[in-house]
Amino acid sequence: MIDRKPVPKTPLLLGLAGWIPFWLPVILTAQAAFSGRSAAAEAGLFVIYAAIILGFLGGVRWGRALSDEDSNALTFTLSITPSLAGLAATFLYWAGAPLTAFTLVFASLFMHWRWDTASTWQSILPAWYGRLRSVLTLGACTAALAMLALYPMTV
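So, how was this worked out
Residues numbered from 1 in each chain as written. Predicted model: local features only at pLDDT ≥ 70, side-chain atom pairs only at ≥ 80, totals over all residues. Heavy atoms only, no water. 1 Å grid on protein atoms, 1.4 Å probe; cavity = no way out; pocket = protein on both sides within 12 Å on 5 of 7 lines; lining within 4 Å. Points joined across faces, edges and corners; volume = space filled by probe spheres on them. Helix = DSSP H or I, 4+ residues; strand = E, 2+ residues; numbered from the N terminus. Nonpolar A, V, L, I, M, F, W, Y, C, P; charged D, E, K, R; others polar. Salt bridge = Lys/Arg side-chain N within 4 Å of Asp/Glu carboxyl O. Buried < 20%, exposed > 50% of the residue type's maximum accessible area, 1.4 Å probe, protein only. Axes fitted to C-alpha atoms, helices over the stretch in contact; angles between N-to-C directions. Parallel < 35°, antiparallel > 145°, perpendicular 65-115°, else oblique. Left-handed = near helix turned anticlockwise from the far one by under 90°. Contact = heavy atoms within 4.5 Å.

## Here's the deal with the layout of surface pockets
- In this structure, the largest pocket spans a volume of roughly 340 Å³.
- The wall of the largest pocket is formed by 18 residues, among which Gly15, Ile53, Phe56, Leu57 and Leu136 lie closest to the centre.
- For the lining of the largest pocket, the secondary structure elements donating two or more residues are α1 (9-17), α3 (40-66) and α6 (127-150).
- For the lining of the largest pocket, the leading source of residues is α6, giving 7 residues.
- Along the lines of polarity and charge, the residues of the lining of the largest pocket split into 14 nonpolar, 3 polar and 1 charged.

If you want it as structure tokens, here you go:
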């Protein structure tokens, strides 16, 4: 039986509001590209916010692992990998590899989405969470692709 329970309103609204810090740097980067200025600050904010979101997503997994008596060391270790990916993206950006950082953000968000949706299919997480993550990941990953396309025009 397919669970058709709707996404609760509060997580949906908060999640959609979470698109703003992904898309505002994209908009400002586009503006920078067409005005001939650097978008380094905007790109840095994009990567930092993505790292925060990846940390948040890892926290969801950590909390899920805490609530399951059968969780093992691998489960807890995997739950911190999104945070580490966000940290790595931040370091890559600061090391002068912004396109690599944006690519890592995209890949990390996409892979976490796959993990979350697989977990909803296995009833580890609620079905509505998978639908919510699909919508939110689409917005975040599209923003990462936009940064990959726009940022080279600002340097």
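Anyway, onward from the coordinates.
## Thoughts on the pattern of salt bridges
- This structure, assessed with the given rule, holds 3 salt bridges.
- The closest approach of N and O atoms between Asp116 and Arg61, which form a salt bridge, is 3.0 Å. Here Asp116 is found in helix α5 (residues 98-121), whereas its partner Arg61 is found in helix α3, with 55 residues between them in sequence.
- Taking relative accessible area as the criterion, Asp116 reaches 0% and is therefore assigned buried.
- The salt bridge involving Arg133 is made with Asp116; its shortest N-O contact spans 2.6 Å. Taken together, the residues Arg133 in helix α6 and Asp116 in helix α5 connect sequence positions 17 residues apart.

## What to know about the packing of α3 against α6
- Contact pair α3 / α6: the axes reach a minimum separation of 12 Å and the direction vectors enclose 160°. One way to sum up the angle between α3 and α6 is to call them roughly antiparallel. Crossing angle aside, the handedness with which α3 passes α6 is left-handed. Across from Ala43, Phe46, Leu57 and Val60 in α3, the residues of α6 making contact are Tyr129, Arg133, Ala143, Ala144 and Met147.
- The residue inventory of the contact of α3 with α6, partitioned by class, reads 8 nonpolar, no polar and 1 charged.

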